[in-house]
Amino acid sequence: MIFRKEVYVTRDMDAYNRARNVLEDNGIRYTSKSGPVTNPGRHHGVPFINADAAYEYHLYVPAKEAERAVHVLREMGL
């Protein structure tokens, strides 16, 4: 994403939601992107892959706010 920096990546949806809430509470605008780690194509799953860990969640913030966002996320233990 142009003029944005990735500040957080996780496969845990609960951690992703906590990180989003922390950014919102601190007035930091963000963009998110999620998708499967594996590309199953037309199949609906891959054997032996834990469905909870099959998706990656990414959070991006404006480049000028990246340092502050990382600091806030680390303070919250994320």
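Above this note sits the structure.
Quick look at the structure, then. For clarity, every value in this text was computed on a predicted model and none was experimentally measured.

### A word on the packing of aromatic side chains
Step number 1: As enumerated under the stated definition, the model contains one aromatic pair in all.
Step number 2: A centroid spacing of 4.9 Å and a plane angle of 25° characterise the contact between Y16 and Y57, whose relative ring orientation is stacked. Within this pair, whereas Y16 is found in helix α1 (residues 13–25), its partner Y57 is found in strand β3 (residues 55–62), the two being separated by 41 residues in sequence.

### Section: the pattern of salt bridges
Step number 1: As enumerated under the stated definition, the model contains three salt bridges in all.
Step number 2: The salt bridge involving E56 is made with R11; its shortest N-O contact spans 3.6 Å. A residue pair is termed long-range when its members are at least 10 positions apart, and E56 in strand β3 and R11 in the loop between β1 (4–10) and α1 qualify at 45 residues.
Step number 3: Among the salt bridges present, the one from E65 reaches R68, with a minimum N-O distance of 3.5 Å.
Step number 4: Salt bridges sharing partners connect three or more residues here, namely R29, E65 and R68.

Definitions and limits used
- Residues numbered from 1 in each chain as written.
- Predicted model: local features only at pLDDT ≥ 70, side-chain atom pairs only at ≥ 80, totals over all residues.
- Heavy atoms only, no water.
- Phe/Tyr/Trp six-rings, centres within 6.5 Å; stacked < 30°, edge-to-face > 60°.
- Helix = DSSP H or I, 4+ residues; strand = E, 2+ residues; numbered from the N terminus.
- Salt bridge = Lys/Arg side-chain N within 4 Å of Asp/Glu carboxyl O.

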